[in-house]
Amino acid sequence: MKTSLNWLRQYLPLDLSPEAIGQVLTGTGLEVEGMDEVESIPGGLAGVVVGHVVECGKHPDADRLSLTKVDLGGGEEPVQIVCGAPNVAQGQKVLVATVGTMLYPQDGEPFKIKKGKIRGQVSMGMICAEDELGLGDDHDGIMVLPTDTPVGKPAAEVYELESDYVYEIGLTPNRSDATNHLGVAFDLAAALKINHDSDQSVQRPDLSGFKAGNEAALPVEIRNQEACPRYAGLTIKDLKIGPAPEWMQNRLKAIGVRPINNVVDITNYVLHEMGQPLHAFDLEKIGGGKIIVQTLPAGSKFLSLDEVERELLPNDLMICDGNDQPMCIAGVFGGLNSGVTDSTTSIFLESAHFDAGYTRRSSMKHNLRTDAAKVFEKGSDPNICVDALKRAALLLQEYAGATVTSELLDIYPAPIEPLEITVRYQRVRELTGIDISREEVRSILETMDMKFTDDNEVDFKVAVPTNKSDVTREVDVIEEILRIYGFDNVAMPQEITTSLTVAPSPDPHKVRELIGDLLSANGFLEMMALSLSESRYYGGGPEAERVDGLVYVNNTSNVTYDIMRPDMLVSGLEAIVHNQNRRMSDLRLFEFGRSYRLDGENYQENNHLTLYLTGHKHAENWHDGVKGSKRNVSYYTLKSTVGLVLRRLGIHNYRTSEAPADKFAYGLRAEAGPMPLVDFGKVNTTRAKEIGVKGEVYHADFHWDNIMRVLPKKPLQVQELNKYPTVRRDLALVVDKKVSFAQLATVANKAEKKMLTQVNLFDVYENDDQLGADKKSYAMSFVFENNERTLKDKEVDKAVNRLIESFTRQLGAEVRR
């Protein structure tokens, strides 16, 4: 909420700096989130002064330019200025933008005045027109001031420009009393009186000049008293539509409200001054000569002020005319055909109290977040309706030439009285943590217009004003006391009592965040799929018998999603289909989630991390060319990511086997003892097509519970790079086709534990004629190193011979010569 400092000063004399006032507001719970200086004229005319044209002649090289000398005061020599205005003349008093001044013209971008030459003549400033200074629209010539205007006087003083400070207050939903400037002023006055020994009080607007008319009030019928507990109104005639006074426009513009005309601006002004929304209806457009406050049947049409035809909901409270035609959504938004226009001369001015729930529902459902709706939904003050009506009527009389012609209508069948709350002094001390005296409590509450109705040694009873709709309990009154007493005045305790908690090691949340960041950094996007799935993907269905092991749910909102997902694959494939249908085919997704199964009578929930890859490996780009940009992801793309995750987790000791065939066309499973760590590979084409996926999908399923069990207990350690050179040896080994590279790597690592650091496969060759039936050749590289010295060839040769002997003995391998 924006709050103007100048506006506050209308009601409360303030001699503190804007920054200090902001601190006081924050201390009362009205947190100042920002403060900006607002100028009525952009730039504040800084650098613009009154000048006296002492010489004026024709420019020697331009017929339409004048060469002038202007006295800027201060005892300095007159400066030469080239001017293009046709009305410039000797002896004039003019406004001059000096060198270095920033100008903010009415139209166009701001610009800076620089020393320069115009057609060969030096120009040391600019004699300004009205629009160039942002003072108006006229550009026919320069501004000529009265002859008695002092030379050198700043233009800001000539026009008595007003600057303002605007606070951005983070207003919490419970502060119904602070939605307006008077409410903020009352809080500010209370805090200054209690903590700064101020004797200033808030000066309310003077309403003593109001007089109602003699005509009968416009008939009003309220058919929903719950939604509209109070309704007041006036008939006002002889209006002259025009601009609001400049001071009022400045107030509204400072808080971001665009001035429209005097009638609309006055209703907006009263809203932000007193916190009471008003609505002006063109009297001639109220059909049937009557107003009806009611709800209309669902689906009724309403043409709102923004020229949108809206379908009404059954709980939308409407202000209708005597023909039941809707003119306004009560407390939310006006209608197109009943509002004030330039031809309006008579209005019916409404000031009502609408129920917060009705207003908020209509505002949210129709997405109309107006200032009025925000006030009503917080709980407006029902006992200020008539005062706000009087205030607006007086302003309309003064600034629109209006006449109040009717009696003041006020329908208030069940007046809302101030709520009386009993508060215990001991409870005040317990909750605030301070030994506050009875006198201080009374002083604080009375500064906020909370009257004591009973008081004794033990407790007191206080009447809460109706503008504080959130203060309904003892604890709420205590909060009000503490706000004004000052949170900063509560002493810090000398002792702090706390309990020690020990986080699990490793912390599951931190591990999850670590891997999530790692995957995001490698181009993956995190997804969150439904935990529900369809039993038909697992042999079930609406007409089929229940499948053992599945967890069924009674899903009344979507009967097809009838089970909790037993695995992560199907929901991930559905997410891929969803994206592919929206032309997003290159996908790298990951998800942390759970699967659900029924084992006898026990339910099992297992945690997973899943990866999904499909589409092109890289986005299209010129560097890789057409072939490179259209290269698809592959099994090895997925394998490298799986390896990256395991290495980052510090998991190195695992063995591999074939991945489950029910999910994967091919792939691997990494295991630590009997526990599966991750299954990864290419998803079965049949399964992918059944879900509706286009193209190949590569999937990894980390069994996250098992991953957490095998995580190293010690944090990862680093070591410096080996400064001694490595030695590489290559071997071509002929083995049976059933022998995998993983088996060869395992044998090598066991046979040579000290010096062997890397085993890689760089070629696979098959030829029955040359190698023999059911044989293949693996071309492998072996990297050896020693951290303490340079290896000798003899040492490496011995190590290679040990490897060959192990391959031959354990796997029947032969070295291909």
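Shown above is the structure to which this text applies.
Values in this document were obtained by computation on a predicted structure and should not be read as measured data.

What counts as what
Residues numbered from 1 in each chain as written. Predicted model: local features only at pLDDT ≥ 70, side-chain atom pairs only at ≥ 80, totals over all residues. Heavy atoms only, no water. Buried < 20%, exposed > 50% of the residue type's maximum accessible area, 1.4 Å probe, protein only. Helix = DSSP H or I, 4+ residues; strand = E, 2+ residues; numbered from the N terminus. Pairing = 2+ DSSP bridges. Axes fitted to C-alpha atoms, helices over the stretch in contact; angles between N-to-C directions. Contact = heavy atoms within 4.5 Å. Phe/Tyr/Trp six-rings, centres within 6.5 Å; stacked < 30°, edge-to-face > 60°. Lys NZ or Arg CZ within 6 Å of the ring centre and 35° of its normal.

1. What to know about the pairing of strand β15 (residues 230–237)
When you tally the buried positions in β15, you get seven out of eight residues, the bulk of the element. Judged from the three bridges that link them, β15 and strand β25 (residues 409–411) form a sheet pairing that is antiparallel. Bridging across to β25, Tyr-231 finds its partner in Ile-411. By the bridge criterion, two bridges tie β15 to strand β24 (residues 403–404) in an arrangement that is antiparallel.

2. Regarding the pairing of strand β28 (residues 459–464)
Across six bridges, strand β26 (residues 419–424) lies against β28 in antiparallel orientation. In the sheet register, Thr-422 faces β28, and the bridge partner there is Lys-461. In this structure, strand β27 (residues 451–455) lies alongside β28, joined through four bridges in antiparallel fashion. Bridging from a neighbouring strand, Phe-452 pairs with Val-462 of β28. In this antiparallel pair of consecutive strands, β27 and β28, the connection spans three residues.

3. Overview of the sheet that holds strand β31 (residues 551–552)
Pairing in this open sheet of three strands is antiparallel, and the strands run β30-β32-β31 from one edge to the other. Of all strands in the sheet, those with a lone pairing partner are β30 (532–533) and β31, marking the two edges. Direction of pairing for β31 relative to strand β32 (residues 563–564): antiparallel, over a ladder of two bridges. The partner of Tyr-552 across the bridge, within β32, is Ile-563.

4. Considering the sheet that holds strand β13 (residues 163–169)
What the three strands build is an open sheet, ordered β1-β13-β2; its pairing is antiparallel. Each edge of the sheet is formed by a strand with only one pairing partner; in this case those strands are β1 (2–4) and β2 (32–39). Within this sheet the neighbouring strands show an average axis-to-axis angle of 25°, counted without direction. Across three bridges, the pairing between β1 and β13 is antiparallel. Across the sheet, the residue bridging to Thr-3 is Tyr-167, located in β13. Sitting on the sheet, helix α2 (residues 18–27) touches β2 and β13, and the angle it makes with β13 is about 25°.

5. Re the packing of aromatic side chains
Across all of its chains, the model carries 12 aromatic pairs by this definition. Between Tyr-425 and Phe-460, the aromatic rings sit 5.0 Å apart at their centres with planes inclined by 50°, giving tilted as the arrangement. Separated by 35 residues along the polypeptide, Tyr-425 in helix α10 (residues 425–432) and Phe-460 in strand β28 bring together distant segments of the chain. Judged by its relative accessible area of 1%, Phe-460 is buried. Relative to Trp-704, the ring of Phe-592 has its centre 5.3 Å away and its plane inclined at 80°; by these criteria the two rings are edge-to-face. In this pair, Phe-592 sits in strand β33 (residues 587–599) while Trp-704 sits in helix α18 (residues 704–710), placing the two residues 112 residues apart along the sequence. On the basis of relative accessible area, Phe-592 is assigned to the buried category, the value being 11%. Given a relative accessible area of 7%, Trp-704 falls into the buried group. One aromatic cluster in this structure is built from Trp-7, Trp-247, Tyr-269 and Tyr-399. Over the ring of Tyr-552 we find Arg-546, and its NZ or CZ is 4.4 Å from the ring centre.

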